[in-house]
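Examination of the molecular architecture
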Amino acid sequence: SWLAKSKLTLQQVEQQGIWWSERLQRVGIPVVADGYQGFIARNIGTYGAKYLVRRKDAEKFIFRRKPNKDSKTVVIVEDAMSCIRLSYAGYNSVALQGTALTDTMLAYLIDNYTRFVLWLDDDKPEVKIKQVKIKQELELFGNVSMRKTPNDPKEYTKDELRLIVGDV
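A short tour of the structure in this document, coming up. In this text the structure is predicted, and so the values were computed from the model without any measurement.

Attention now moves to the sheet that holds strand 3 (residues 36-43). Ordered by their spatial adjacency, 4 strands build an open sheet running 1-2-3-4, and the pairing between neighbours is antiparallel. Two strands bound the open sheet, and with one partner strand each, they are strand 1 (19-21) and strand 4 (51-55). Going across the sheet, the axis of each strand differs from the next one's by a mean of 30 degrees, ignoring polarity. Judged from the 7 bridges that link them, strand 2 (residues 26-32) and strand 3 form a sheet pairing that is antiparallel. When the bridges of strand 3 are listed, Pro 30 appears paired with Phe 39.

Laid out in structure tokens, this is it:
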């Protein structure tokens, strides 16, 4: 049901290389940027950590999608599936894989973009605080706007995403 909630078609699931591991009891998403970097695996059961991350080496990877190479705008979200959904709507996106902006991510973002759309879950006070901190940090490098919705980006259709994010 988690995968179905993401509104990806079977073709898109195959394009992304998303897989199921019976042994891990997880849905896996490969991370490919300048070659294979590792994977993120989402727990579907009730036991264990929500996400399992495996890296090819000690380097931290950035989960990103860049369908619009000419755009200087990026949508920053919490999770990989939301990042993928936004890419199918035509938006460049980066997944924080949580609610923290690392130095590696910040360097990537400011090297590639000047407009930032921040769209984190607005469900907990600590997330709201982190969201404001990220916004303030990014404002030093460009224009920042925020999106607040009742659902994660992965739960919206392409048309709904375009309405929410807008023409950026």
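Moving on, we get to the packing of aromatic side chains. In total, this model carries 3 aromatic pairs according to the counting rule given. Seen from their ring centres, Trp 19 and Phe 39 are 5.2 Å apart, and the 75 degrees between their planes marks the pair as edge-to-face. Here the residue Trp 19 occupies a position in strand 1, and Phe 39 occupies one in strand 3, the gap between them amounting to 20 residues. For Trp 19, a relative accessible area of 28% corresponds to the partly exposed category. Its relative accessible area of 16% is what places Phe 39 among the buried residues. Measuring from centroid to centroid gives 6.0 Å for Trp 119 and Tyr 156, while their planes differ by 35 degrees, and the two rings are tilted. Remark: Tyr 156 occurs in the loop between strand 9 (143-146) and helix 6 (158-165) and Trp 119 occurs in the loop between strand 8 (115-118) and helix 5 (125-138); sequence separation between them is 37 residues. The exposure class assigned to Trp 119 is buried, which follows from its relative accessible area of 2%. The ring of Tyr 51 has Arg 42 lying over it, and the distance from NZ or CZ to the ring centre is 5.7 Å. The ring centre of Phe 61 lies 5.3 Å from the NZ or CZ of Arg 55, which sits over that ring.

The next subject is the pattern of salt bridges. Tallied over the entire structure, the rule returns 4 salt bridges. In this structure, Glu 139 and Lys 135 form a salt bridge, with 2.5 Å as the shortest nitrogen-oxygen distance. Lys 154 is the partner of Asp 152 in a salt bridge, and the nearest nitrogen-oxygen pair spans 2.8 Å. A single network of salt bridges, built from pairs that share partners, joins Asp 79, Asp 152 and Lys 154.

Attention now moves to the layout of surface pockets. The computed volume of the largest pocket comes to approximately 380 Å³. What lines the largest pocket is a set of 17 residues, and nearest its centre among them are Lys 50, Tyr 51, Glu 78, Gly 98 and Asp 121. The leading source of residues in the lining of the largest pocket is helix 5, at 3 residues. Classifying every residue of the lining of the largest pocket gives 3 nonpolar, 3 polar and 11 charged. If you add up the space inside the second largest pocket, you get close to 230 Å³. Lining the second largest pocket are 15 residues; nearest its centre among them are Arg 55, Lys 60, Leu 96, Gln 97 and Met 105. Those elements giving two or more residues to the lining of the second largest pocket turn out to be strand 4 and helix 4 (103-112). Each residue belonging to the lining of the second largest pocket can be placed in one class, and the counts come to 8 nonpolar, 5 polar and 2 charged.

In this structure, Ile 29, Phe 63, Val 75, Leu 86 and Trp 119 are the most contacted members of the largest nonpolar core, which totals 26 residues. Mapped by element, the contributors of at least two residues to this core are strand 2, strand 6 (73-77), helix 3 (80-88) and helix 6. The element that contributes the greatest number of residues to this core is helix 3, accounting for 6 residues. Formed by 18 residues, the second largest nonpolar core is a distinct cluster that contains Ile 62, Val 94, Tyr 113 and Phe 116.

Rules of the game
Residues numbered from 1 in each chain as written. Predicted model: local features only at pLDDT ≥ 70, side-chain atom pairs only at ≥ 80, totals over all residues. Heavy atoms only, no water. Pairing = 2+ DSSP bridges. Helix = DSSP H or I, 4+ residues; strand = E, 2+ residues; numbered from the N terminus. Axes fitted to C-alpha atoms, helices over the stretch in contact; angles between N-to-C directions. Phe/Tyr/Trp six-rings, centres within 6.5 Å; stacked < 30°, edge-to-face > 60°. Buried < 20%, exposed > 50% of the residue type's maximum accessible area, 1.4 Å probe, protein only. Lys NZ or Arg CZ within 6 Å of the ring centre and 35° of its normal. Salt bridge = Lys/Arg side-chain N within 4 Å of Asp/Glu carboxyl O. 1 Å grid on protein atoms, 1.4 Å probe; cavity = no way out; pocket = protein on both sides within 12 Å on 5 of 7 lines; lining within 4 Å. Points joined across faces, edges and corners; volume = space filled by probe spheres on them. Nonpolar A, V, L, I, M, F, W, Y, C, P; charged D, E, K, R; others polar. Core = buried A, V, L, I, M, F, W, Y, C linked by side-chain atoms within 4.5 Å.

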